[in-house]
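So you can see what is in the structure, the chains are spelled out below.
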Amino acid sequence: MWITVDEVKTFTGINPKHLNLNDDESIKLDEIIEKWILQSVSLIKSYTHNDFTNAKNMEAVCNICLRLTANMIALAIERRDTPRTKVTDWKIHVSSSDVFTNDLKADLEPYCIDYSNKSDKIDFFAITGD
């Protein structure tokens, strides 16, 4: 893994109570965070088309992974605490599930690999001279 569960805990300050777990369920919390880390890594690899086996500046990619995982945690806590926000008497707004934000995508731009070798269409016209 690119980042550790302890790094995520330090960065976010999450503890079992934040996810409605008992204090003695820290192992369960670690399993949840580890799953979110793996999902973050998968999202990053999918977005960049890069497996990062020989990546330079891997620390920067690890930081993006940490922030993406933190966004997942924040969303989980927000959805648990306030699943809906009442805007007016007639409209109810559900909080956005966008965890892979534009700032993270912008930070990943240098690591994106473009596999589109698609060439432009060429048209041929026959000139017969008639």
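Below: a short report on this structure. (Residues numbered from 1 in each chain as written. Predicted model: local features only at pLDDT ≥ 70, side-chain atom pairs only at ≥ 80, totals over all residues. Heavy atoms only, no water.)

## What to know about the overall build of the protein chain
To keep it simple, the criterion reads: For the purposes of this entry, the term helix denotes a DSSP run of H or I that reaches at least four residues, the term strand denotes a run of E that reaches at least two, and both are numbered from the N terminus. Classification of residues uses two cut-offs on accessible area relative to the type maximum, computed with a 1.4 Å probe and protein chains only: under 20% is buried, over 50% is exposed, and between them is partly exposed. Any two residues whose heavy atoms approach within 4.5 Å are treated as being in contact. The Shrake-Rupley method, run with a 1.4 Å probe, gives the accessible areas here. Residue values count only the displayed protein chains as cover.
A tally of helices and strands in the protein chain yields 4 helices and 2 strands. Its helices and strands in sequence order give the protein chain the pattern α-α-α-β-β-α, from N to C terminus. Buried residues in the protein chain amount to 28% of all 130 residues. Considering only intrachain contacts with a sequence separation of at least 6, the fraction spanning at least 24 residues in the protein chain is 68%. About 9500 Å² of surface is accessible on the protein chain, with carbon and sulfur atoms providing 50% of the total.

## A word on the packing of aromatic side chains
In plain terms, the rule: A pair of aromatic rings is counted whenever rings of Phe, Tyr or Trp (Trp by its six-membered ring) have centres within 6.5 Å, and the orientation is called stacked for planes under 30 degrees apart, edge-to-face for over 60 and tilted otherwise. In this analysis the charged atom, NZ for Lys or CZ for Arg, is taken to sit over a ring once it is within 6 Å of the ring centre and within 35 degrees of the ring normal.
One pass over the structure, following the stated rule, counts 3 aromatic pairs. Seen from their ring centres, Trp2 and Phe52 are 5.2 Å apart, and the 80 degrees between their planes marks the pair as edge-to-face. A residue pair is termed long-range when its members are at least 10 positions apart, and Trp2 in the segment before α1 (5-12) and Phe52 in the loop between α2 (26-48) and α3 (58-81) qualify at 50 residues. Summarising the aromatic geometry, the rings of Tyr47 and Phe100 are spaced 5.3 Å apart at their centres and angled 75 degrees between planes, so their arrangement reads as edge-to-face. Here the residue Tyr47 occupies a position in helix α2, and Phe100 occupies one in the loop between β2 (92-94) and α4 (102-108), the gap between them amounting to 53 residues. Here the aromatic cluster, defined as three or more aromatic residues joined through ring pairs, consists of Trp2, Phe52 and Tyr111. Just above the ring of Phe100 sits the side chain of Lys105; from NZ or CZ to the centre is 5.5 Å.

## A look at the side chain of Thr69
The condition that has to hold: Polar contact is the term for a pair of N or O atoms within 3.5 Å; when the atoms are in protein, one must be able to donate a hydrogen and the other to accept it, and sequence-neighboring residues count only if both atoms are side-chain atoms.
Note on placement: Thr69 falls in helix α3. At a separation of 2.8 Å, a polar atom in the side chain of Thr69 contacts the main-chain carbonyl oxygen of Cys65. If near-sequence neighbours (up to four positions away) are discounted, Thr69 is found in contact with Ile3, Val8, Trp36, Ile37 and Ser40.

## Comments concerning unusual backbone geometry
A positive phi angle is found at Phe52, which is not glycine, with a value near 60 degrees. Overall, the relative accessible area of 6% leaves Phe52 in the buried class. The backbone of Asn57 sits at a positive phi, close to 55 degrees, despite the residue not being glycine. Here Asn57 is to be found in the loop between α2 and α3.

## What about the pattern of salt bridges?
Spelled out, the test is: When a carboxyl oxygen of Asp or Glu is within 4 Å of a side-chain nitrogen of Lys or Arg, the pair counts as a salt bridge.
Under the defined criterion, the tally for this structure stands at 3 salt bridges. The residue Asp23 makes a salt bridge to Lys17 at a minimum N-O spacing of 4.0 Å. In this pair, the class of Asp23 matches that of Lys17, namely exposed. Its salt-bridge partner being Asp107, residue Arg67 comes within 2.7 Å of it at the nearest N-O pair. In this pair, Arg67 is assigned in helix α3 and Asp107 in helix α4, connecting sequence segments 40 residues apart.

## A few points about the side chain of Asn50
Position of Asn50 relative to the elements: it lies in the loop between α2 and α3. For Asn50, a relative accessible area of 14% puts it in the buried group. Here Phe52 takes part through its backbone nitrogen, which lies 2.8 Å from a polar atom of the side chain of Asn50.

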